[in-house]
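Take a look at the letters that make up each chain.
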Amino acid sequence: MNNNKLQGHCAIIMANVIFGLGVPVTKMLLDNWMTPMGYMAARSLGAAVIFWFIACFLPKEKVNRHDLMTILLCGLLGFVVSQTLTAWALDYTTPVYYSLIAALTPIAVMLMAALFIKEHITSYGILGVVLGIGGAMLMLLTSWQGGGNGQNDLLGIVLTLMSLLTWAIYLIATRKVSQKYSPVTQMKWIFLVSTVVTVPWAMITEPIQPLFSQAWGWSGIAEMFFIIVFATVLGYFMIPYAMKHLQATTVSIYTNLQPVVASIIAIVIGQDILTWDKPVAAIMVLVGAWLVSK
């Protein structure tokens, strides 16, 4: 493995550990301090300010019009749509269910690649899809029968599936621009357009946020700081950096780290409890994702 690929693997591992930690932190924010759209607006604005500030100290990189449109549209899809669906999902279901469904990302990427760029699906891939979907169906069935711990696990799981499909399309669609431009250049435009969309939407629909009122608390500030600086700026910086050196499917495979990290933290801090369906579904989903990688 050459040095560039090693750096790519290290970057995407770090990103997914951070994203895994971000799941229970986001759940805490949504339970106590923020609405989903308020959360998205604060996250977009904070990340946009940081990336544009960093860009002031770097060489200016010219982006041609076609690539800029790709970055902006994919930013709306991969951040605004995908992460808004994530915020709504975590408002309804638990971090463990969310992160287990998110582990289906490699399968979603393989299916989207087959659909949009005609990649061949191997027999390993077909078996992986069957196992992964089986794990997801087990979680859906358990939540439908009232076995989950969220306020509406079934809706939360459906929203999570929609989120990972949009994220899979984002990974495929940004592969070429990720190889042409620096991560800071891509992220400053992605979070600028995200801010333009989410901030007015949040101000109109959900103007009152406990975190920004007299009810604010240092715990909420610390949680929001982690989400903006680590789970958004650092995490999203690492993704295009990794995609300069790795295939989109390889990048998506590391998503499997997220349910491990998120589930352990969520159970330890009492956001969820360990029930029989979760380890069974986890084995089915993770083995399915591994088969897809083969």
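The structure presented is a predicted model; accordingly, all values stated were derived computationally and were not measured. (Residues numbered from 1 in each chain as written. Predicted model: local features only at pLDDT ≥ 70, side-chain atom pairs only at ≥ 80, totals over all residues. Heavy atoms only, no water.)

**Considerations on the side chain of T70**
And step 1. For T70, the position within the fold is in helix α3 (residues 65–92).
And step 2. With a relative accessible area of 18%, T70 lands in the buried category.
And step 3. Setting aside its immediate chain neighbours within four residues, T70 contacts A173 and V177. (Helix = DSSP H or I, 4+ residues; strand = E, 2+ residues; numbered from the N terminus. Buried < 20%, exposed > 50% of the residue type's maximum accessible area, 1.4 Å probe, protein only. Contact = heavy atoms within 4.5 Å.)

**A short note on the confidence of the model for the protein chain**
And step 1. Looking at the protein chain, pLDDT values average 80 and 83% of them are 70 or higher.
And step 2. Between the elements of the protein chain, mean pLDDT differs from a low of 66, seen in helix α6 (residues 123–144), to a high of 92, seen in helix α2 (residues 36–55). (pLDDT = per-residue confidence, 0-100.)

**Here we look at the packing of aromatic side chains**
And step 1. For the coordinates displayed, the defined rule picks out 7 aromatic pairs.
And step 2. Centroid distance W52 to W189: 5.2 Å. Interplanar angle 80°. Geometry classified as edge-to-face. Taken together, the positions of W52 in helix α2 and W189 in helix α9 (residues 183–205) put the pair 137 residues apart, joining distant regions of the chain.
And step 3. The class of W52 is partly exposed, set by a relative accessible area of 30%. (Phe/Tyr/Trp six-rings, centres within 6.5 Å; stacked < 30°, edge-to-face > 60°.)

**Quick word on the packing of helix α1 (residues 3–32) against α3**
And step 1. α3 packs onto α1 with a crossing angle of 70° between their chain directions and a minimal axis gap of 9 Å. On the basis of their axis angle, the class for α1 and α3 is roughly perpendicular. Of the residues in α3, those touching α1 at V23, T26, K27 and L30 are A87, L90 and D91.
And step 2. In terms of residue class, the contact of α1 with α3 is made up of 4 nonpolar, 1 polar and 2 charged. (Axes fitted to C-alpha atoms, helices over the stretch in contact; angles between N-to-C directions. Parallel < 35°, antiparallel > 145°, perpendicular 65-115°, else oblique. Nonpolar A, V, L, I, M, F, W, Y, C, P; charged D, E, K, R; others polar.)

**Examining α1**
And step 1. Here α1 is 30 residues long and its end C-alpha atoms lie 44 Å apart, about the 44 Å a rise of 1.5 Å per residue gives.
And step 2. Bending of α1 peaks at approximately 30° at the position of V23, with proline P24 no more than four residues after it. (Expected span 1.5 Å × (residues − 1). Bend = angle between axes of the 7 residues up to and from the residue.)

**Quick word on the environment of E206**
And step 1. Mapped onto the secondary structure, E206 falls in the loop between α9 and α10 (218–243).
And step 2. Classification of E206 by relative accessible area gives partly exposed; the value is 24%.
And step 3. Along the backbone, E206 and G38 are 168 residues apart, and their C-alpha atoms lie at a distance of 6.6 Å.
And step 4. In this structure E206 touches T35, P36, M37, G38 and W201, once residues within four positions along its chain are discounted.

**Structural notes on helix α4 (residues 95–102)**
And step 1. By the criterion of burial, α4 is predominantly enclosed, with 8 of the 8 residues buried.
And step 2. Among the residues of α4, those classed as buried are P95, V96, Y97, Y98, S99, L100, I101 and A102.

**A closer look at the packing of α4 against helix α7 (residues 153–173)**
Axis angle and axis distance: for two packed helices, these are the angle between their axes and the distance between the axes, and together they describe the pair.
And step 1. At their nearest, the axes of α4 and α7 sit 9 Å apart, and the two run at 35° to each other. The handedness of the crossing between α4 and α7 is right-handed. For the pair α4 and α7, contact is made by Y97, Y98, I101 and A102 and by D153, I157, T160, L161 and L164, respectively.
And step 2. Here the residues of the contact of α4 with α7 sort into 7 nonpolar, 1 polar and 1 charged. (Left-handed = near helix turned anticlockwise from the far one by under 90°.)

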